[in-house]
Amino acid sequence: MAKAPVHKLGQMIGEFIEKYFEDELTQICEQRNLYLDVVGKDRPARKGKKVSWYDVYGNKHDLDFVIERNGSETELGIPVAIIECAWRRYTKHSKNKAQEIQGAVLPIAEKYKYHKPFLGAVIAGVYTEPSISQLNSCGFKTIYFEYESIVAAFSSVGVDVNYDEDTPDHEAVRMVEALEQLSVDSYRQVFQQVVSLSSQEVNTFKSTLEEALDRQIQQIIIAPLYGSNSVFPTIDEAIDYLDNFDTDEIPEDIELMKIYIQIRYSNGDNVSGEFSTNKAATEFLASTVRV
């Protein structure tokens with residue numbers, strides 16, 4: 001079934017944003033010898049052209065960009081950044097798209113929580129403030145390319161992409177044909193104009209991403225916890241226990257309960273975990289990327 005001209009127009013603008021933002025990420029990754037996986041690329045390490053990752057329950061999630069450490073064409077690496085890119089023309093779709101981004105990214109971030117990957121969202125078009133706040137509250141760093149900025153950027157090369165639900169098909173077809181005739185250089189000029197109009201957000205996003213990719217371990221805290229659990233039915237009884245707790249009375253022969261470990265990084269990231277055995281704690285540290 002053929003797509004409506006307005007739908008095709010929106011798809012073309014969304015693909016344009018994704019394609020040229022890929023260039024920004026490519027430069028960052030090449031400077032750090034990191035692998036950038038993108039939709040549409042043939043890669044022996046995975047099946048098909050989708051960037052698919054599996055969560056702890058075996059569910060598949062299709063992503064837009066994944067930056068990997070120690071990744072290659074034939075081997076999947078450790079995901080150190082997951083970035084989604086999305087275009088929406090109408091506010092009525094923005095909340096659902098924000099939830100869709102969360103649903104794709106957060107299960108993978110949870111699986112790799114001990115590596116604490118950077119989470120990013122590049123959104124373009126028309127998004128409500130609550131939908132953007134929702135992404136930020138879930139740990140995403142966002143860039144918002146506003147609809148008006150995109151329209152203005154295309155106008156700089158003589159192309160009108162200002163449309164809405166009432167735009168006649170023949171007008172949408174005219175816009176699609178104009179986009180199809182644009183050269184690579186013109187598209188690059190448009191994207192640079194889009195970036196320029198949102199330069200503060202873009203620079204903040206890129207610097208935060210680079211800090212996450214370049215982070216170094218500052219210190220590792222290990223706290224073995226000994227003793228047995230004390231269980232209380234009420235808050236008051238628990239507080240009374242703590243008020244009267246005497247550390248000098250702890251016997252010397254008590255057994256290890258768990259080992260708490262926290263890794264602190266130079267960019268402010270903290271990764272922590274609790275482990276029941278030395279073996280499990282050692283495996284956690286051994287799996288940590290040494291940066």
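For the structure itself, consult the block above.
None of these values were measured; they are calculated from a predicted model. (Residues numbered from 1 in each chain as written. Predicted model: local features only at pLDDT ≥ 70, side-chain atom pairs only at ≥ 80, totals over all residues. Heavy atoms only, no water.)

A word on helix α3 (residues 129-137). Taken together, the buried positions of α3 are Ser131, Ile132, Gln134 and Leu135. Along the axis of α3, the buried positions cluster into a sector of 155 degrees, meaning they face one direction only. Turned more than 90 degrees away from the buried face of α3 sit Glu129, Pro130 and Ser137, all of them exposed. Where α3 is buried, its residues touch α2 (94-111), β6 (118-125) and β7 (141-146). Positive backbone phi, at 95 degrees, marks Gly139, one or two positions downstream of α3. (Buried < 20%, exposed > 50% of the residue type's maximum accessible area, 1.4 Å probe, protein only. Helix = DSSP H or I, 4+ residues; strand = E, 2+ residues; numbered from the N terminus. Arc of directions from axis to C-beta. Contact = heavy atoms within 4.5 Å.)

Attention shifts here to the packing of aromatic side chains. Taken as a whole and assessed by the stated rule, the structure comprises 17 aromatic pairs. By way of ring pairs, the aromatic residues Phe16, Tyr20, Phe145, Phe154, Tyr187 and Phe191 are connected into one cluster. Cation over ring: Lys92 sits above Tyr90, and NZ or CZ is 5.7 Å from the ring centre. Of note, Arg215 hangs over the ring of Tyr265, and the distance from its end group to the ring centre comes to 4.1 Å. (Phe/Tyr/Trp six-rings, centres within 6.5 Å; stacked < 30°, edge-to-face > 60°. Lys NZ or Arg CZ within 6 Å of the ring centre and 35° of its normal.)

Packed helix pairs are characterised by how far apart their axes lie and by the angle those axes make with each other. Relative orientation of the contacting elements helix α1 (residues 5-32) and helix α7 (residues 199-214) amounts to 30 degrees, with a least axis distance of 11 Å. The orientation of α1 with respect to α7, classified from their angle, is roughly parallel. Between α1 and α7 the crossing geometry is right-handed. Contacts from Phe21, Glu24, Leu25, Ile28 and Arg32 of α1 reach α7 at Phe205, Lys206, Leu209, Glu210, Leu213 and Asp214. Grouping the constituent residues of the contact of α1 with α7 by class yields six nonpolar, no polar and five charged. (Axes fitted to C-alpha atoms, helices over the stretch in contact; angles between N-to-C directions. Parallel < 35°, antiparallel > 145°, perpendicular 65-115°, else oblique. Left-handed = near helix turned anticlockwise from the far one by under 90°. Nonpolar A, V, L, I, M, F, W, Y, C, P; charged D, E, K, R; others polar.)

Quick look at the environment of Pro168 now. In this fold, Pro168 is placed in the loop between α4 (147-155) and α5 (169-180). Considered as a pair, Pro168 and Val202 are 34 residues apart in the sequence and their alpha carbons are 34 Å apart.

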